[in-house]
Amino acid sequence: MSATTLDQPVKPAPARKNAERAPWIDWMVLPTVVVLAVVIGYPVVYTLVLSATKYNMLDMVPPRYIGGGNYQHLFTDPIFWTSLRNTALYTFGSVIASSLLGLTLALLTESLTGWRFRSVRALLLTPWAVPFVVVAFLFRYMYLQNGGVINAVLLDLGLIDKPVLWLNNSYLALPAIMVANIWAMMPFFFLLLSAALAAIPNEVIESARIDKAGTWSMVFQIKLPFLRSALFISSLLMIISNFNDFAKIWAMTQGGPGYSTTTLVVYVYRLAFENFNFGYASAIGVVWLILLLIFALVYLRAVRVQV
Amino acid sequence: MFRLSKMARRSAFVASTILSLGIAVTVSHAADKVTLTFANWADAEGATRPGIQAVIKEFEKENPDITINSQAISFSEIARQLVLRVRSGNPPDVAEIAGNDTFLLAQTGKLAPLDKLIDSKTMAELAPASYEGYKVDGKLIAFPWTLAAAGLWYDKAVMQKAGLDPNNPPKTIDELMKDMAAIKKSQPDVIPLGLDTTNRAFSLQSNWPWMKTFGADPFAKGGAKSEAMKKYLSWMRELAKKGYIDPGRKIGEFRPLIAQDKVAFLWDQVLVQGVIQSTNKMSDADFYKHYGVTTQPTGPSGKSYSFEGGHQLVIFSGSKHQKAAWKFVKFLATSPYAIEHYTLSYEASLTPLKKAPSDALAKKLDTPVFNAFTSKIMPTVTTPPYGPKFAPGSTAIMAGVQQAVTGDTPIDQIAASIEQNLGN
C-alpha cells in the first residue's frame with residue numbers, strides 16, 4: 001500500500017470510464033442564465049448606458065448622450081470625494097472594530113459551556129435580531145441632545161458639563177453612527193468566530209498546553225492562525241454589505257450635518273430620487289459598482305483558495 | 001338524439017333573453033360608474049386617516065356614480081412615486097401634493113390645467129392668495145386644499161416663568177434673542193426655539209422666511225456669498241452656540257415638546273394647535289390662555305415673512321375622468337362637510353375660500369389662532385423659488401446651514417461652498 005505524504009497534494013479521483021456525457025444537460029442552465037441576464041445584466045448595462053447621458057426624469061425628454069461628461073464632473077465634484085471618503089471610513093472602521101470586538105467576545109466566551117454559554121450567546125446575538133432601521137432610531141433617540149439617555153448618563157456621572165451634540169457635530173456624527181453599526185454587526189463576527197474556534201482540533205490545543213503555551217501565545221500562535229480564513233471571509237462579506245448600508249445613515253442623519261455622514265449610497269439616493277438626475281447618479285453608481293466588484297473578486301478568490 | 005319539447009324551447013328562449021338583458025343592464029350600469037384613483041398621504045397617516053376616509057365615504061354617498069380608490073403613500077415618498085408613475089404612463093387620477101413637489105410634478109407637463117375645469121362661481125369664492133402661487137405659464141396646475149402658513153408660536157407659561165410678558169411676544173430678532181436668553185437662564189431644560197434644521201426640501205421652505213428677513217436670497221447669482229446670507233448663517237451659528245435651538249430635529253418632533261412646555265417659541269404651521277391639543281388634551285379655552293401665535297420677528301430687512309405649507313390637489317392629464325376628478329377635488333377643498341370634518345378637524349388648517357360656506361363654519365373659524373393667521377400671518381407669506389433647481393439647491397443650502405450650526409468652519413468658507421454647490 002502506498003503512503004501519501006502531507007506534502008503531496010491529493011489528486012481528484014478520475015471520472016468513471018464509462019460515464020456517459022449528455023450534452024443536453026448543459027442547456028439546463030439556460031433558464032438561470034436568462035433570469036440572471038434580465039434581473040442583473042439588464043440593469044447593469046442600462047446603468048452603464050445612462051451614465052453616459054444627461055437624463056433628468058422630470059424633463060420628460062429622452063436621455064441625451066454626453067459621453068464621459070458625467071465622469072468628468074465626478075472628478076471635480078467635492079461632494080463625491082467627501083462621500084467616497086466617508087464610505088471608506090464608515091465601512092472599514094465599522095468592520096475592523098466589530099470584527100475585533102466579535103473576536104474578543106468569542107475568545108472570552110469560548111470556555112463557557114452548557115446554560116452559561118447558551119445564555120451569553122443569546123444575549124450577544126440579540127443585536128443581530130434587531131432590524132437595522134430600529135437600531136438607527138434606537139441610537140438616534142439615545143444620542144439626543146435634550147432627553148437622550150447617553151447625555152443624561154454622562155451628565156449624571158459628571159463626565160460632561162453640557163450635552164454633547166452626538167449626531168449634530170460634524171466631527172462626531174460619523175463615529176456616532178459607526179458605534180450603532182458596530183453594535184449591530186458585532187454578533188455576526190461573534191457567531192462565525194465562535195464556530196471557527198469550536199472547530200479547532202482538540203489535539204492542537206492539547207499539544208499546545210503540553211508545551212506550556214501561555215494565554216497570549218495560545219491566542220496569537222495557535223488560535224488566530226486557525227481563525228484567519230473565517231475572519232477574512234466574514235470581513236469581506238461585511239465590507240460589501242456596509243458599502244451599501246443606507247438605512248442606518250438615512251434614519252439617523254440623512255447624510256448630515258452638512259455632508260459629514262454622506263456616503264456614496266446616500267449621495268446617489270439624493271441625486272436619483274430627490275433631484276431625479278439619473279444620468280449623474282448612474283455614473284456614480286458605475287464607480288461604486290467597480291469598487292464593489294473588486295471586493296467581490298477578492299472574496300471569490302479567497303473562497304476558491306480555501307476550497 | 002335528444003329532443004326538446006316546444007314548451008321547453010320557448011322557456012329556454014325566454015330565459016336566455018332575460019339573462020342577456022340582465023347582463024347588458026349590469027354592464028351598462030358598470031360602464032356609467034367611474035372609479036377614481038386618489039394618491040394621498042392623508043390615508044397613510046394614522047392621525048388623518050379617519051378624517052379622509054369619512055370624507056371619501058360622504059363623497060361616494062353624494063355621488064353614487066363615482067367610487068374613490070384611495071392609494072395611501074407616505075408624505076416623503078409621494079413625489080418620487082408620482083414622478084415614476086407619470087414616467088411609466090400609470091398616474092392616478094387625483095393626487096395630494098405640497099411644496100416644491102407640486103412644481104416638480106408640473107415640470108413633467110402631465111398635470112391637467114385646471115382653468116378649463118373650474119367653474120367661474122367656484123373661482124370667485126376662492127381667496128386669490130390661495131391659488132395665485134400655483135400658476136405655471138399662466139395655467140393653474142394645482143388646486144389649494146388646505147392653507148397652513150407658519151407663524152411664531154409662543155408658550156405663555158414658559159415666558160411668564162422667565163419673567164417675560166406673555167402677551168408681548170418678540171417683534172424683532174433682537175427682542176427674540178433677549179427673550180431666549182431669559183428663558184435659557186430660568187429654564188435650562190426648555191428649548192428656546194424650535195426650528196427645523198434637517199437637510200430636506202421642506203426645511204429650506206421652512207427656513208426661507210428667516211433668510212428673507214435677513215435680506216438673503218441664496219439662489220440669486222452671488223446670493224449665497226452675500227453679506228445678508230452670511231449674517232443669516234452667523235445668526236444660526238449663534239443660536240446653536242448659545243443652545244437656543246436643538247439641531248437635527250424635524251419640525252414634527254418639537255410639537256409634542258411644546259405641548260409639554262419644553263419648547264418656548266416654535267416656528268411652525270397653523271396645524272400645530274391640533275397636535276398640541278391631541279397631546280395634552282387641553283380644551284380650546286385653555287389652549288388660547290396657554291399659547292399664542294404671531295408673525296415672524298423682523299430681521300435686518302425690517303419685514304416679517306412666512307411660508308405656505310398647505311396641501312394641494314392635482315389632476316393628471318392622463319385621467320380619463322377629469323370631470324369626475326374635478327368634482328372630487330371641489331368636494332374635498334370647498335364642501336362644508338369636508339371643511340368641517342377634515343380641514344378643520346384633522347388638519348386644523350385654513351380653507352382656500354374667501355369666507356366660510358356656512359354660519360356654523362364661520363363660527364368655528366372665528367378663533368384667536370385662525371384670526372391671527374388670516375389677518376396677520378397670511379399677508380406675510382413669501383413663496384420660495386420652487387422648481388427643478390429647488391430640490392438640489394435645498395440640499396446644498398441646508399447642508400451649509402447645518403455646517404454653520406454644528407461646526408466651526410468659517411462662515412465665509414461655508415457661504416462660498418454653498419455658492420459652489422449651487423452652481424451659481
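Here the structure is shown first, and the text comes after it.
A few points on the structure.

The rules we used
Residues numbered from 1 in each chain as written. Chains lettered and ligands numbered in written order. Predicted model: local features only at pLDDT ≥ 70, side-chain atom pairs only at ≥ 80, totals over all residues. Heavy atoms only, no water. Pairing = 2+ DSSP bridges. Helix = DSSP H or I, 4+ residues; strand = E, 2+ residues; numbered from the N terminus. Axes fitted to C-alpha atoms, helices over the stretch in contact; angles between N-to-C directions. Contact = heavy atoms within 4.5 Å. Salt bridge = Lys/Arg side-chain N within 4 Å of Asp/Glu carboxyl O. Buried < 20%, exposed > 50% of the residue type's maximum accessible area, 1.4 Å probe, protein only. 1 Å grid on protein atoms, 1.4 Å probe; cavity = no way out; pocket = protein on both sides within 12 Å on 5 of 7 lines; lining within 4 Å. Points joined across faces, edges and corners; volume = space filled by probe spheres on them. Nonpolar A, V, L, I, M, F, W, Y, C, P; charged D, E, K, R; others polar. Buried area = accessible area lost by both parts, 1.4 Å probe. Phe/Tyr/Trp six-rings, centres within 6.5 Å; stacked < 30°, edge-to-face > 60°. Left-handed = near helix turned anticlockwise from the far one by under 90°. Polar contact = N/O pair within 3.5 Å; in protein donor to acceptor, adjacent residues only side chain to side chain. Parallel < 35°, antiparallel > 145°, perpendicular 65-115°, else oblique.

1. Looking at the sheet that holds strand 1 (residues 34-40) of chain B
Residue and element names in this part refer to chain B. Pairing is mixed across the open sheet formed by five strands, whose spatial order is 2-1-3-11-6. Each edge of the open sheet is held by one strand with a lone partner, namely strand 2 (66-72) and strand 6 (143-146). Within this sheet the neighbouring strands show an average axis-to-axis angle of 30°, counted without direction. Note: strand 1 against strand 2, seven bridges, orientation parallel. Paired with leucine 36 across the bridge in strand 2 is isoleucine 68. With respect to the sheet, helix 3 (residues 75-87) is in contact with strand 1, strand 2 and strand 3 (94-98), its orientation differing from that of strand 3 by roughly 130°.

2. Regarding the pattern of salt bridges
Residue and element names in this part refer to chain B. All chains considered together, the criterion is met by 19 salt bridges over all chains. Note that arginine 49 is salt-bridged to aspartate 43, the shortest N-O span being 4.0 Å. Between glutamate 238 and lysine 242 there is a salt bridge, and its shortest N-O distance comes to 2.7 Å. Residue classification places glutamate 238 among the partly exposed residues on the basis of a relative accessible area of 31%. Overall, lysine 242 belongs to the partly exposed group, its relative accessible area being 41%. One connected set of salt bridges, linked through shared partners, spans Glu227, Lys230 and Asp412.

3. Side note on the layout of surface pockets
One number sums up the size of the second largest pocket: a volume of about 1100 Å³. Lining the second largest pocket we find 37 residues, and of these A:His73, A:Asn275, A:Asn277, B:Pro392 and B:Asn421 sit closest to its centre. Per element, the largest residue contribution to the lining of the second largest pocket is four residues, and it comes from helix 18 (residues 390-406) of chain B. Looking at the lining of the second largest pocket residue by residue, the class counts come to 15 nonpolar, 16 polar and six charged.

4. Here's the deal with unusual backbone geometry
Going from A:Gly256 to A:Pro257, the amide bond is cis rather than trans, its omega being -5°. For A:Pro257, the position within the fold is in the loop between helix 10 (247-252) and helix 11 (264-274). If you check the backbone angles, A:Gln254 has positive phi at about 55° while not being a glycine. As for its position among the elements, A:Gln254 is in the loop between helix 10 and helix 11. Backbone geometry at B:Asp261 places phi at a positive 60°, although glycine is not the residue there. Looking at the element boundaries, B:Asp261 is found in the loop between helix 11 (251-259) and strand 9 (263-269). When its relative accessible area of 27% is taken as the criterion, B:Asp261 is described as partly exposed.

5. Description of the interface of chain A and chain B
At the interface, 27 residues of chain A touch 33 residues of chain B. Summed over both sides, the interface of chain A with chain B buries roughly 2800 Å², with 50% coming from carbon and sulfur. For the chain A face of the interface with chain B, the top three residues by lost area are A:Leu58, A:Met60 and A:Tyr259, together amounting to 22%. Here chain A and chain B share one salt bridge between them. Linking A:Arg140 and B:Glu253 is a salt bridge whose minimum nitrogen-to-oxygen distance equals 2.9 Å. Sorting elements by how many residues they give to the side of chain A that touches chain B places helix 11 of chain A first, with four residues. When grouped by side-chain class, the residues that make up the side of chain A that touches chain B number 14 nonpolar, nine polar and four charged.

6. Observations regarding the sheet that holds strand 7 (residues 150-155) of chain B
All names here are of chain B. On the basis of which strands lie adjacent, the open sheet formed by four strands has the order 8-9-7-10 and mixed pairing. Each end of this open sheet is capped by a strand with a single partner; those strands are strand 8 (191-194) and strand 10 (291-294). Strand-to-strand, the axes of this sheet are offset by a mean angle of 20°, without reference to chain direction. As judged from the three bridges shared by strand 8 and strand 9, these two strands associate in the parallel manner. Bridge pairing links glycine 194 to leucine 266 in strand 9.

7. Details of the packing of aromatic side chains
All chains considered together, the criterion is met by 41 aromatic pairs over all chains. Aromatic side chains A:Tyr42 and A:Tyr46 sit 5.7 Å apart centroid to centroid with 10° between the ring planes, which places their arrangement in the stacked category. Placement of the pair is A:Tyr42 and A:Tyr46 together in helix 1 (residues 30-50), with a separation of four residues, close to one helical turn. For A:Tyr42, a relative accessible area of 55% corresponds to the exposed category. Since its relative accessible area comes to 37%, A:Tyr46 is described here as partly exposed. Ring geometry for B:Trp208 against B:Phe219: centres 5.9 Å apart, planes inclined by 45°, an arrangement best described as tilted. Here B:Trp208 is found in helix 9 (residues 201-213), whereas its partner B:Phe219 is found in the loop between helix 9 and helix 10 (227-241), with eleven residues between them in sequence. When its relative accessible area of 2% is taken as the criterion, B:Trp208 is described as buried. For B:Phe219, a relative accessible area of 17% corresponds to the buried category.

8. Here we look at the packing of helix 9 of chain B against helix 10 of chain B
All names here are of chain B. At their nearest, the axes of helix 9 and helix 10 sit 9 Å apart, and the two run at 115° to each other. Regarding helix 9 and helix 10, the two cross each other, and that crossing is right-handed. Side by side, helix 9 and helix 10 meet where Asn207, Trp210 and Met211 of the first sit next to Met229, Tyr232, Trp235 and Met236 of the second. When its residues are assigned to classes, the contact of helix 9 with helix 10 shows six nonpolar, one polar and no charged.

9. Structural notes on the environment of B:Ser319
Residue and element names in this part refer to chain B. In this fold, serine 319 is placed in the loop between strand 11 (311-315) and helix 14 (322-334). Exposure remark for serine 319: the relative accessible area of 8% places this residue in the buried category. The sequence separation of serine 319 and threonine 37 amounts to 282 residues, and the corresponding C-alpha distance is 9.3 Å. Separated by 2.7 Å, the side chains of serine 319 and aspartate 93 make a polar contact.

10. So, the packing of helix 8 (residues 202-210) of chain A against helix 9 (residues 215-243) of chain A
Residue and element names in this part refer to chain A. Look at helix 8 against helix 9: their axes get within 11 Å of each other, and the N-to-C directions meet at 165°. Taken together, helix 8 and helix 9 sit at an angle that is classed as roughly antiparallel. For the pair helix 8 and helix 9, the sense of crossing is right-handed. The segment helix 8 lies against helix 9, with Val204, Ile205, Ala208 and Arg209 engaging Met218, Ile222, Lys223 and Phe226. Residue composition of the contact of helix 8 with helix 9, by class: six nonpolar, no polar and two charged.

11. Notes on the pairing of strand 3 of chain B
All names here are of chain B. Among the five residues of strand 3, five are classified as buried, and the element is accordingly described as predominantly covered. Examined bridge by bridge, strand 1 and strand 3 share two bridges and lie parallel to one another. Paired with phenylalanine 38 across the strands is valine 94, a residue of strand 3. The pairing of strand 3 with strand 11 spans five bridges and is antiparallel. Looking across to strand 11, one finds that isoleucine 97 is bridged to glutamine 312.

12. Thoughts on the environment of B:Lys242
With respect to the helices, strands and loops of the structure, B:Lys242 is situated in the loop between helix 10 and helix 11. C-alpha of B:Lys242 to C-alpha of B:Ile52: the two residues are 190 residues apart in sequence and 43 Å apart in space.

Nothing here speaks to function; it is geometry throughout.
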